[in-house]
Amino acid sequence: MSEIKETVVANNFIKNIIDEDLKNNKNDSRVHTRFPPEPNGYLHIGHAKSICLNFGLGKEYNGITNLRFDDTNPVKEDVEYVDSIMEDVKWLGFDWEDRLFYASDYFDKLYDFAIELINLGLAYVCEQTPEEIRQFRGTLTEPGKPSPYRDRTIAENLDLFGRMKNGEFPDGTKTLRAKIDMSSPNINMRDPVVYRIKKAHHHRTGDKWCIYPMYDYTHCLSDMLEGITHSICTLEFEDHRPLYDWFLDVLKTPCHPQQIEFARLNINYTVLSKRKLLQLVQENFVNGWDDPRMPTISGFRRRGYTPAAIRDFADRIGVTKGESTVDYSVLEFCIREDLNKTALRAMAVVNPLKVTIENYPDDLKDDILDGVNNPENPEAGTRKIKFSKVIYVERDDFMEDPPKKFFRLAPGKEVRLRYAYFITCKEVIKDENGEVIELICTYDPASRGGNSPDGRKVQGTIHWVSAEYGKTAELRLYENLFLTENPDIAPEGKTFLDNMNPDSLKVIQAWVEPSLLEAKTNDKFQFERVGYFCADSKDSQPGAPVFNRTVGLRDSWAKIAKK
RNA sequence: UGGGAUGUAGCCAAAUGGUAAGGCAUCGCCCUUUGGAGGCGACAUGCGAAGGUUCGAAUCCUUCCAUCCCAGCCA
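Rules used in this analysis
Residues numbered from 1 in each chain as written. Chains lettered and ligands numbered in written order. Predicted model: local features only at pLDDT ≥ 70, side-chain atom pairs only at ≥ 80, totals over all residues. Heavy atoms only, no water. Pairing = 2+ DSSP bridges. Helix = DSSP H or I, 4+ residues; strand = E, 2+ residues; numbered from the N terminus. Near = heavy atom within 4 Å. Polar contact = N/O pair within 3.5 Å; in protein donor to acceptor, adjacent residues only side chain to side chain. Nonpolar A, V, L, I, M, F, W, Y, C, P; charged D, E, K, R; others polar. 1 Å grid on protein atoms, 1.4 Å probe; cavity = no way out; pocket = protein on both sides within 12 Å on 5 of 7 lines; lining within 4 Å. Points joined across faces, edges and corners; volume = space filled by probe spheres on them.

**Student:** I keep staring at the sheet that holds strand E18 (residues 436-444) and nothing clicks. Help me out?
**Tutor:** Two strands in a sheet stick together by hydrogen bonds in their backbones, pointing the same way (parallel) or opposite ways (antiparallel). Strands sit in the order E19-E16-E17-E18-E12-E15-E20 across an open sheet of 7 strands; the sheet is mixed. Only two strands of the sheet have a single partner each, and these edge strands are strand E19 (461-462) and strand E20 (464-466). One ladder, built from 5 bridges, connects strand E12 (residues 352-357) with strand E15 (residues 390-394); its direction is antiparallel. Within E15, the residue paired with Val-355 across the bridge is Ile-391.

Structure representation (structure tokens):
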């Protein structure tokens with residue numbers, strides 16, 4: 001039985017904090033985290049980092065982790081997104097058990113806390129327009145000025161807030177604001193808005209509410225209500241922490257979760273911003289959120305990445321407070337490492353060149369050879385592959401005038417056809433344009449299986465597909481979606497869209513071993529010497545799979561050839 | 001030019017006053033019926049800079065520099 005390998009996660013500053021808390025018996029030595037996505041888009045690899053962190057901490061410290069949708073802005077949120085988020089978290093291998101929550105579950109309680117805030121004299125109903133609020137807020141270097149509505153009586157505030165809730169006022173005409181400090185150097189503390197009026201239909205609460213609480217107010221209280229001990233978020237919320245703490249300090253609450261911020265993930269050649277990903281989808285630069293070129297979890301899934309590879313990636317990149325950009329090669333390493341051990345091998349010729357073996361008998365049928373399914377795993381067994389007089393080999397595996405270290409086919413050179421025979425190139429046939437269209441070779445019948453009884457060595461082994469028994473299948477060859485390391489850097493007047501790679505998708509017909517036509521959706525293969533491929537989950541038909549290139553194989557010949 | 005953070009190799013990232021882990025990438029060599037995989041080796045007299053404290057500093061102190069975030073009724 002093969003155990004799921006749980007890599008020992010490296011230490012990080014958050015674990016150091018938790019270790020310290022545990023030593024001091026803080027939170028009764030409980031560890032309770034949460035993953036709090038807003039359902040306004042699909043999850044991407046950056047969220048995967050956060051999911052692995054939060055659920056990983058829960059698991060490692062014998063604690064628990066909630067899934068909570070931060071759904072306080074109905075105009076941006078949708079059930080399509082909540083469904084996809086749950087699917088993605090599950091697929092990554094994490095389980096929130098019975099702890100699926102929504103911030104909207106707490107709207108009643110949040111409303112009561114707002115009343116408490118008013119009664120404490122710490123919140124007021126403000127009637128400034130958004131523009132006025134902005135002007136009164138001051139700037140980074142100048143303090144703000146108090147709103148003229150700041151000193152209403154508690155009774156008046158209670159009345160007005162109740163009427164806001166009852167829908168008596170149009171959108172945007174009034175807000176509930178916390179009364180904190182208009183001259184704070186931290187702009188978040190300059191009387192932040194706590195509730196706004198939005199007569200919008202909410203995906204869960206329907207039309208029950210027309211006032212919705214803001215993030216800062218909602219998040220800390222939701223954490224508190226769930227008994228979260230460590231509330232982990234990204235760096236941009238660092239400035240919000242004083243506000244997070246303020247609500248919890250001022251209100252009567254049984255516990256006070258600790259907000260800890262870490263740096264969000266960046267990867268070169270990719271864009272990880274929900275806004276930009278949404279734009280790519282809406283403006284049809286890609287074919288949906290799960291387009292295999294997208295850095296979304298669903299995109300990686302469809303591309304052929306595995307949950308284990310993504311978890312491994314999250315472990316390798318670490319967790320810190322320093323902004324950083326991870327090299328894409330780390331991701332590729334993780335998926336290759338996983339697939340190398342698990343993917344079945346097969347042969348596929350991406351760019352075919354016809355080879356006729358002139359001394360192969362015309363009437364020889366059922367020349368059946370054995371191929372190893374996975375050299376990394378003997379239990380994967382072997383398969384039968386039919387050989388024939390005419391085959392296809394990779395066009396790149398032939399050079400008419402090869403350089404010194406080219407170990408493949410060339411006039412007069414002998415190579416091994418994987419699992420089959422040694423062949424020697426005798427003649428090169430060209431069309432009227434001088435294009436090579438066929439090779440005439442001879443084979444050595446004694447080298448059947450790939451070894452010659454006289455012990456002679458060949459330098460190269462190439463893959464092939466029988467022209468008689470092979471089939472064709474659609475391959476989708478993916479490249480990076482962006483051409484530049486940081487797609488966000490664009491000249492004046494240009495945007496990240498101008499940095500897109502026009503060749504990020506190439507669709508070709510390849511010759512494949514016949515058994516590949518029976519591939520099921522999501523089946524993963526290594527096409528030997530080519531790369532890892534996965535049967536597409538959407539466009540494959542029974543008997544007619546479409547293969548997505550997950551990642552190419554490392555290609556050290558390409559490096560030599562470049563020199 | 002207010003406030004909050006961060007600087008360790010090409011890219012990530014450990015170190016908690018005791019003499020710079022590890023991974024990716026790169027470069028050698030070995031092995032190989034995948035130019036894959038695997039194995040072995042190389043890769044920071046140096047921790048943003050300059051001063052200082054100390055027997056001893058990436059870690060402590062001072063000053064400086066660079067980068068990121070914040071002025072939504074978004075999260």
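That was the structure; now back to the text.
**Student:** How should I be thinking about the protein's contact with RNA strand B in this particular structure?
**Tutor:** Asn-16, Arg-345, Arg-408, Gly-449 and Gln-526 are the nearest of the 70 residues found near RNA strand B. Among the atoms of RNA strand B lying within 4 Å of the protein, the sugar-phosphate backbone contributes 66%. Taking Gln-526, its side chain carries an N or O atom lying 2.5 Å from a base nitrogen of RNA strand B. The set of elements that each furnish at least two residues to the surface near RNA strand B consists of helix H5 (130-136), strand E6 (193-197), helix H11 (307-317), helix H12 (328-342) and helix H13 (556-562). Within the surface near RNA strand B, the residues separate by chemical class into 21 nonpolar, 23 polar and 26 charged.

**Student:** Looking at this structure, I do not really get the layout of surface pockets. What am I missing?
**Tutor:** One water molecule sets the probe size; rolling that probe over the atoms shows where empty space is left. In this structure, the largest pocket occupies an estimated 1,400 Å³ of space. Considering the residues around the largest pocket, the lining is formed by 49 residues, among which Glu-38, Asp-70, Tyr-215, Glu-236 and Phe-237 are closest to the centre. Tallying contributions element by element places helix H2 (residues 45-60) first for the lining of the largest pocket, with 4 residues. For the lining of the largest pocket, a count of residues per class yields 18 nonpolar, 15 polar and 16 charged.

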